[in-house]
Every structure is written in structure tokens, then in C-alpha cells.
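# Residue-level structural notes
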Amino acid sequence: MINSTPSNVILGNGRRTLLIEFLQMKNGRAELREAVEYIAEKEGNTDRKHRKSVYVSLMQTHIPKLEHEGVLTFERGMITLLRVPDNVTLYMEVVKRNDIRWSAFYAGISCIFALTALWFGDFLLLFASLTYLLVALTQHARTYRVLRPADEEGPEKPDNGE
């Protein structure tokens, strides 16, 4: 079994990722009520029942896990962000939901450069193509390292409406 790390705990669940994203937007400190509203809105359902589900899952599961990992503290309705691992911040800045990953973008640029280089017989452009391909592979490996351990642990059990 893979050891749990703060990166895996955060990226292993969408609500925890949204909570960290919200706290970063609020300079590391926000009320629980505001976080619940933000997460419910991002999940596309702001009715009372769904907000209650978000609230319960944050209180019973997500906040305690993040506190245990030393990522945040929760006291009297206020959530305070303590630290976020660098690889989590990198992933959250680079990949938003439904966005193309940078590694796929670089691989696409590499293919365009390679085809253009072959068409014109330009070896300098072929070198640029190989450089972009190397960047794409490096970026993919970095992203894979951040996400893979969470994937190998298996999906989390749904908690209260999740």
C-alpha cells in the first residue's frame, strides 16, 4: 500500500482540491460557510440539500484529513491554510477541470513542428520539435508523479452525497 502524503490527500478528492483552491483565493483564511458556498457553486448545485451535503462532508471527512496532514487548521468556523505542497500548487495552477494538459499541448506543438520541418527539410525546426517533445514528456512525468499514487490507492468511498 502506498503511503498517504499531503499531495495525495489533497488531489485524491475534488472537494479537498476545491477547498484548497478557495483558501488560496482568500489569502489562506476563510469562514466554513463561504467555503461551502464556493464548493457547491463549483459542483454546479447550490440548493440547500447539496450545500448541507458539502458541509457535512467537509466537517466529517475533508477538514479532519487536511488537519491531520498539517495542511490547515479549523477553529470556530474559520479555516486557516497552513501549507500546500509545491507539487499540489503546481498541479492546481497548471490543470483546471476540462482544460488540456500542458504535456498534451507541448506534444501537439512538437508534432506540428515535426511535420513542418519535414515539409521544408529544416533540421533546426526538427530540433525544436524534439525539444518540445522532451518538454512534453518531462511535464507528463511530473504530473504523473503527483497524481499516480492517489490513483493506485483506489477510489475513495463516497461520503454523504459525494
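Everything discussed here concerns the structure shown above.
In this report, we go over the structure that sits alongside the text. (Residues numbered from 1 in each chain as written. Predicted model: local features only at pLDDT ≥ 70, side-chain atom pairs only at ≥ 80, totals over all residues. Heavy atoms only, no water.)

### Points about the pairing of strand S2 (residues 72-75)
Applied cut-off: Paired strands are those between which DSSP finds at least two bridges. Think of it this way: any DSSP run of H or I at least four residues long counts as a helix, any run of E at least two long counts as a strand, and we number them from the N terminus.
Across 4 bridges, the pairing between S2 and strand S3 (residues 78-81) is antiparallel. Residue pairing across strands places glutamate 75 opposite methionine 78, the latter belonging to S3. What sits between S2 and S3 in their antiparallel hairpin is a turn of 2 residues, with arginine 76 showing a positive phi close to 50 degrees.

### Some details on the pattern of salt bridges
Which entries qualify depends on this criterion: The term salt bridge refers to a side-chain nitrogen of Lys or Arg lying within 4 Å of a carboxyl oxygen of Asp or Glu. Accessibility here uses a 1.4 Å probe with only protein chains present; expressed as a share of the type maximum, an area under 20% marks a residue as buried, one over 50% as exposed, and anything in between as partly exposed.
Within the structure shown, the criterion is met by 3 salt bridges. The partner of glutamate 43 in a salt bridge is arginine 15, with the nearest N and O atoms 2.8 Å apart. Of this pair, glutamate 43 sits in the loop between helix H3 (32-42) and helix H4 (48-68) while arginine 15 sits in helix H2 (residues 14-25), and the two are 28 residues apart along the sequence. Residue class for arginine 15 comes out buried when judged on its relative accessible area of 1%. The salt bridge partner of arginine 33 is glutamate 31, with a shortest N-O separation of 3.2 Å. Note on glutamate 31: relative accessible area 33%, which makes it partly exposed.

### Considering the packing of H2 against H3
What counts, and what does not: Throughout, an axis means a line fitted to C-alpha atoms (over the contacting stretch in the case of helices), and angles, computed between N-to-C directions, take values from 0 to 180 degrees. Small angles under 35 degrees read as roughly parallel and large ones over 145 as roughly antiparallel, with 65 to 115 read as roughly perpendicular and the rest as oblique. Crossing handedness is read from the near helix: turned anticlockwise from the far helix by less than a right angle, it gives a left-handed crossing, and turned clockwise, a right-handed one. We call two residues in contact whenever any of their non-hydrogen atoms come within 4.5 Å of each other. Three classes are used, and their members are as follows: Ala, Val, Leu, Ile, Met, Phe, Trp, Tyr, Cys and Pro are nonpolar, Asp, Glu, Lys and Arg are charged, and the others, Gly among them, are polar.
Look at H2 against H3: their axes get within 10 Å of each other, and the N-to-C directions meet at 120 degrees. With respect to H3, the element H2 is oriented oblique. The handedness of the crossing between H2 and H3 is right-handed. Every residue of H3 that contacts H2 at Arg15, Leu18, Leu19, Glu21, Phe22 and Met25 is listed here: Glu34, Ala35, Tyr38, Ile39 and Lys42. Of the residues that constitute the contact of H2 with H3, the class distribution is 7 nonpolar, no polar and 4 charged.

### A closer look at the packing of aromatic side chains
Our working rule: Here a pair means two rings of Phe, Tyr or Trp (six-membered ring of Trp) with centres within 6.5 Å. Their orientation is stacked below 30 degrees between planes, edge-to-face above 60, and tilted elsewhere.
Applying the stated criterion to the full structure yields 3 aromatic pairs. Both rings, one in phenylalanine 113 and one in tyrosine 132, keep their centres 5.2 Å apart while their planes meet at 85 degrees; by these two values the pair is edge-to-face. Note that phenylalanine 113 is positioned in helix H6 (residues 102-120) and tyrosine 132 in helix H7 (residues 123-152), a separation of 19 residues in sequence. Residue phenylalanine 113 is classed as partly exposed on the basis of its relative accessible area of 25%. Through a chain of ring-to-ring contacts, the aromatic side chains of Tyr106, Phe113 and Tyr132 assemble into a single cluster.

### Quick word on H6
Condition: Working rule for helices: expected span equals 1.5 Å times residues minus one. Directions drawn from the helix axis to the C-beta atoms are what define this arc.
Between its first and last C-alpha, H6 extends 27 Å over 19 residues, near the 27 Å set by a 1.5 Å rise per residue. Within H6, burial applies to Ser103, Ser110 and Ala117. Angular distribution of buried residues about the axis of H6 spans 50 degrees; they occupy a single face of the element. In H6, those exposed residues whose orientation departs by more than 90 degrees from the buried face are Ile112, Leu115, Trp119 and Phe120. Just beyond H6, the residue with positive phi is glycine 121, at close to 65 degrees.

### A few points about a nonpolar patch on the surface
The following threshold applies: Patch membership is restricted to residues that have no salt bridge and whose relative accessible area is over 30%. Joining uses 9 Å for like charges and 5 Å for the nonpolar side chains Val, Leu, Ile, Met, Phe, Trp and Tyr. Accessible surface is estimated by sampling points in the Shrake-Rupley manner with a 1.4 Å probe; for residues, cover comes only from the protein chains shown.
On the surface, a nonpolar cluster with roughly 280 Å² of combined accessible area is contributed by Leu130, Leu133 and Leu137. Locating leucine 137 in the fold gives a position in helix H7. Overall, the relative accessible area of 54% leaves leucine 137 in the exposed class.

### Regarding the pairing of S3
Residues Ile79 and Leu81 of S3 are buried on one face, while the alternating residues Met78 and Thr80, pointing to the opposite face, are not. Here 3 bridges tie strand S1 (residues 29-31) to S3, and the two strands are oriented antiparallel to one another. Bridging from a neighbouring strand, glutamate 31 pairs with methionine 78 of S3.

Fair warning: the whole summary comes from geometry, so function is off the table for now.
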